[in-house]
Amino acid sequence: MKNFPENFLWGAAMSAPQTEGQSLNFGKTATTWDYWFQIAPEKFHQNQGPAITSGVYDHYLADCRRMQEIGLNSLRTSISWARLLPDGKTVNQAAVDFYRQYFSAMLDHGVEPIINLFHFDMPMWLMEQGGWENRVSIEAFAFYAQTAFELFGDLIKKWTTFNEPIVHVECGYLYQYHYPAVVDFQRAIQVGYHTLLAHKAAVKVFKAAKQAGEIGIILNISPTYSKSEAQADLSAAFRSDLLNTRSFLDPAVLGTIPDELITLLRENQLLPEVEAGDHELIKENLVDFIGLNYYQPRRVQAPEEARVPAQMPSDFYAAYDWPDKKINPYRGWEIYPEALYDVAIMMKEAYNNIPWYVSENGMGVAEEERFMKDSGEIEDDYRIEFMKEHLNYLHKGILEGSNCFGYHAWTFVDCWSWLNGYRNRYGFYRLDLKTLERSVKKSGRWIKAVSENNGF
């Protein structure tokens, strides 16, 4: 039996835009996703947009019972900025009522809510001013954060500012998976910098209010492994870590932007515009804990032809396809659970052993109905095996002293996934897209036993 620390969090993660539905109702205004789906529905898998998703807005009471039924003692989701503040200034009472009832229902069912403020869902009223490219976004986000803390602080004891902030940077400004789908390294860096400042401004507001509870940030950490020990490959891995991991993790925990990152950006004429006071804001407003999302490792090698100045991250490092990898064929992602041990030790040794938890880990599989038994239950043994392997390595890191306090799977109920719609399913509960009915999968019954035994 592998036992986990006392009061360990066993839960799941999801987000407002991927689960709530009612995306333009009850006072909510459009986000970039609502707008993009309106103007370019063909980009979305099977024309599946953000309007209904998993219908949590209408099913949250029953969903909180379902969380309890599979033994979850915690759940992370997000607030929709465009729902709470439809114009950025005016509080939407319908949203306040919904979120208070939702969070209270979780608590009533023994589920601790961990609430995130931004999960890729930029309000259109702010996007029309330039979004994260414009410094007005920093103050706007701080105001939103303060509003949320005041309205829900009596219910919520663990807050996070952003989920995977690097994703809206690279998907919106380098790789065209999120609106505005531009390709511009310089603009991407500026967006990342303003996002970092917005995070810091929210932490400052939280600390100034002397809120009961803690505040953190959720980062997607894929450890970088180099193709070889050759210096060129090791340098590529170092640069990959600088851009993808340390760019947010170092400032969040240590209050510093790595000198090597500043040098790298300067050498490539990519430094963001900075203002007086930024340095102090970054230095002083440190997080209480970190959430780390992990799905797959990042394997890199030296680029064959690097442009100077760099035009894309691929000028700093190239992807390496490890021939011995084990793969999830549905998502095209490598399965490498050993990385969770490496992450645990990294947090212990390089980041002051700050409290942290696995805020997402999971396996997306297409056409899961293939695994449905006569009983109607999906036998997702592949998902159970995936989680077991990762938890084994996490447990090893905890035994060696890493300060990990929880494990959250992605996700509670099958959810909408941006341009991918419902192509890949991740939930402990299956969602019937026609009826929105939920039915537990085998993995849901398995996680209940894990939670009840605090191990497996």
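Residues numbered from 1 in each chain as written. Predicted model: local features only at pLDDT ≥ 70, side-chain atom pairs only at ≥ 80, totals over all residues. Heavy atoms only, no water.

Caption draft 1: Broad picture of the overall build of the chain. Summing up its helical and strand segments, the chain has 15 helices and 17 strands in all. For 456 residues, the compact-globule estimate of 2.2 N^0.38 gives 23 Å, and the C-alpha radius of gyration of the chain, at 21 Å, lies within 12% of that figure. If one aligns the C-alpha atoms of the chain with their principal axes, the spans along those axes are about 60 × 55 × 45 Å. Taking all 456 residues of the chain together, 60% fall into the buried category. (Helix = DSSP H or I, 4+ residues; strand = E, 2+ residues; numbered from the N terminus. Rg over C-alpha atoms; globule rule 2.2 N^0.38 Å. Buried < 20%, exposed > 50% of the residue type's maximum accessible area, 1.4 Å probe, protein only.)

Caption draft 2: Region of the structure containing unusual backbone geometry. Cis geometry is found at the peptide bond from Tyr179 to Pro180, where omega equals 15 degrees. For the bond running from Val308 to Pro309, omega is -5 degrees, close enough to zero to count as cis. Here Pro309 lies in the loop between strand S8 (298-301) and strand S9 (318-319). A positive phi is found at Asn7, a non-glycine position, where the angle reads about 60 degrees. Assignment of secondary structure puts Asn7 in the segment before strand S1 (9-13).

Caption draft 3: Region of interest: the sheet that holds S9. What the three strands build is an open sheet, ordered S6-S8-S9; its pairing is mixed. At either end of the open sheet lies a strand with only one pairing partner, and these are strand S6 (224-226) and S9. Relative to S9, S8 runs antiparallel, the two sharing two bridges. Across the sheet, the residue bridging to Val300 is Ala319, located in S9. (Pairing = 2+ DSSP bridges.)

Caption draft 4: Layout of the pairing of strand S12 (residues 356-360). With five of five residues buried, S12 lies mostly within the body of the structure. Of the strand pairs in this sheet, strand S7 (residues 289-293) and S12 are connected by four bridges, and their pairing is parallel. Pairing of Gly291 across the sheet is with Tyr357, part of S12. Where S12 meets strand S14 (residues 404-410), two bridges bridge the pair, whose relative direction is parallel. Bridged to Val358 within S14 is Tyr407.

Caption draft 5: Representation of the packing of helix H9 (residues 185-208) against helix H10 (residues 231-254). Look at H9 against H10: their axes get within 11 Å of each other, and the N-to-C directions meet at 25 degrees. Judged on the interaxial angle alone, H10 and H9 are roughly parallel. Considering the relative orientation of H9 and H10, their crossing is right-handed. Together, Gly192, Thr195, Leu196, His199 and Lys200 of H9 and Ser247, Phe248, Pro251 and Ala252 of H10 make up the contact between the two elements. Tallied by class, the residues present in the contact of H9 with H10 amount to four nonpolar, four polar and one charged. (Axes fitted to C-alpha atoms, helices over the stretch in contact; angles between N-to-C directions. Parallel < 35°, antiparallel > 145°, perpendicular 65-115°, else oblique. Left-handed = near helix turned anticlockwise from the far one by under 90°. Contact = heavy atoms within 4.5 Å. Nonpolar A, V, L, I, M, F, W, Y, C, P; charged D, E, K, R; others polar.)

Caption draft 6: View of the state of the cysteines. Taken as a whole and assessed by the stated rule, the structure comprises zero disulfides. Summary of cysteine pairing: Cys171 is not part of a disulfide, and the nearest cysteine sulfur, belonging to Cys415, is at 15 Å. (Disulfide = S-S within 2.5 Å.)

Caption draft 7: Examining the pairing of strand S3 (residues 112-118) more closely. By the criterion of burial, S3 is predominantly enclosed, with six of the seven residues buried. Bridge count for strand S2 (residues 74-78) against S3 is five bridges, and the pairing is parallel. For Arg76, the partnering residue across the bridge sits in S3 and is Ile114. Bridge analysis of S3 against strand S4 (residues 158-163) gives four bridges, and the strand direction is parallel. Paired with Asn116 across the bridge in S4 is Thr160.

Purely spatial values, then, with no claim about function.
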